[in-house]
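Here is what each chain is made of, one letter per residue.
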Amino acid sequence: RKEVEQDPGPFNVPEGATVAFNCTYSNSASQSFFWYRQDCRKEPKLLMSVYSSGNEDGRFTAQLNRASQYISLLIRDSKLSDSATYLCVVTYSSNTGKLIFGQGTTLQVKP
Amino acid sequence: DVKVTKSSRYLVKRTGEKVFLECVQDMDHENMFWYRQDPGLGLRLIYFSYDVKMKEKGDIPEGYSVSREKKERFSLILESASTNQTSMYLCASSPLGQGYNSPLHFGNGTRLTVT
């Protein structure tokens, strides 16, 4: 079983739709969680950190469920520019700084 | 910024050639990382360094070596390139002061093809 798992998609949604991605992790000792965005043939960029209480940044909401060991990313009012691959990232307390990346979920927003 | 220097965004090398990728960051970050990214496999850590002259193996170090002589530079070396090292190579850095779990800043990456 992979340490961090995501549905690769693609998720095809119309503009204005709300879409949600989940990411599951296997190690209960996980400490920090992030969502990264990666555009085609570009480097990943930090989208947002995920806090225990959940957090929101504009149209994006991230949530953490430690009991079920998953994090989620909700995008409201999807824009064409949201089309990208979204990478889930987890670190562990016993880890020396390595981040474990999921394979990513591809989102395609259609006009 | 984090940048991969001394190589273009797209690099083609022959099997057996030595390949040198250098990553430079101007953010005064202690931690630096080299990843490769392949379809269906995601990002995999090759090596990382949390201080000058320090290096740690990642998940797939075989066939690679690294060098960190200065804080701002972290080099990845393929002593004898092989076709299975065809991949997108990404360098990243993060500050130690915020703890080991701080997010990464990625450079633009180099797509290497070994023929």
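Everything numeric here is computed off the predicted structure, so don't read it as measured data. (Residues numbered from 1 in each chain as written. Chains lettered and ligands numbered in written order. Predicted model: local features only at pLDDT ≥ 70, side-chain atom pairs only at ≥ 80, totals over all residues. Heavy atoms only, no water.)

Q: For the confidence of the model for chain B, give the residues involved together with the corresponding values.
A: Counting all residues, the mean pLDDT for chain B is 88, and 90% of those residues have values of 70 or more. When pLDDT is averaged over each helix and strand of chain B, the minimum, 65, is found for strand β1 (residues 2-5) of chain B and the maximum, 96, for strand β7 (residues 65-70) of chain B. (pLDDT = per-residue confidence, 0-100. Helix = DSSP H or I, 4+ residues; strand = E, 2+ residues; numbered from the N terminus.)

Q: Break down the interface of chain A and chain B for me, citing the residues and quoting the values.
A: Contact with chain A, which involves 20 residues of that partner, is made by 23 residues of chain B. At the boundary of chain A with chain B, the tally comes to zero salt bridges. At the surface where chain A touches chain B, the tally comes to four residue pairs in polar contact (both at pLDDT 80 or more). Only β4 (30-38) and β9 (84-92) of chain A provide two or more residues apiece to the side of chain A that touches chain B. Ranked by residue count, the leading element in the side of chain A that touches chain B is β4 of chain A, at five residues. (Contact = heavy atoms within 4.5 Å. Salt bridge = Lys/Arg side-chain N within 4 Å of Asp/Glu carboxyl O. Polar contact = N/O pair within 3.5 Å; in protein donor to acceptor, adjacent residues only side chain to side chain.)

Q: Go over the nonpolar core with me, naming the residues and quoting the values.
A: Proteins that are soluble and globular tend to have nonpolar side chains buried together. Among the nonpolar cores identified, the biggest contains 25 residues, and F21, W35, I71, L73, I75, Y86 and L107 of chain A are the most heavily contacted of them. For this core, the secondary structure elements donating two or more residues are β3 (19-25), β4, β5 (45-50), β7 (60-65), β8 (70-75), β9 and β11 (105-110) of chain A. Beyond its immediate sequence surroundings of up to four residues, I75 of chain A is in contact with A17, T18, V19, F21, R59, F60, D82, Y86 and L107 of chain A. In terms of nonpolar packing, the next biggest core, distinct from the first, is built from 20 residues, L21, C23, I60 and V66 of chain B among them. (Core = buried A, V, L, I, M, F, W, Y, C linked by side-chain atoms within 4.5 Å. Buried < 20%, exposed > 50% of the residue type's maximum accessible area, 1.4 Å probe, protein only.)

Q: Please set out the environment of F60 of chain A residue by residue, giving values where relevant.
A: Residue and element names in this part refer to chain A. Among the secondary structure elements, F60 is positioned in strand β7. C-alpha of F60 to C-alpha of T18: the two residues are 42 residues apart in sequence and 10.0 Å apart in space. Every residue in contact with F60, bar those within four places of it in the chain, is listed here: L47, M48, N55, L73, L74, I75, R76, D82 and Y86.

Q: Give a detailed account of the state of the cysteines, specifying residues and quantitative values.
A: Counting across every chain of the model gives two disulfides over all chains. Each sulfur of the disulfide joining C23 of chain A and C88 of chain A lies 1.9 Å from the other. Because the sign of the S-S torsion sets the handedness, a value of about -70 degrees for the bond joining C23 of chain A and C88 of chain A places this disulfide among the left-handed ones. In this pair, C23 of chain A sits in strand β3 while C88 of chain A sits in strand β9, placing the two residues 65 residues apart along the sequence. As far as the burial class goes, C23 of chain A and C88 of chain A line up, both buried. Linked covalently through their sulfurs, C23 of chain B and C91 of chain B form a disulfide whose S-S length is 1.8 Å. Negative torsions about the S-S bond denote left-handed disulfides, and the value of about -80 degrees found for C23 of chain B with C91 of chain B makes this one left-handed. With C23 of chain B in strand β3 (residues 19-25) and C91 of chain B in strand β9 (residues 87-94), this pair connects stretches of sequence that are 68 residues apart. Since its relative accessible area comes to 0%, C23 of chain B is described here as buried. On the basis of relative accessibility, which here comes to 0%, the residue C91 of chain B falls in the buried class. (Disulfide = S-S within 2.5 Å.)

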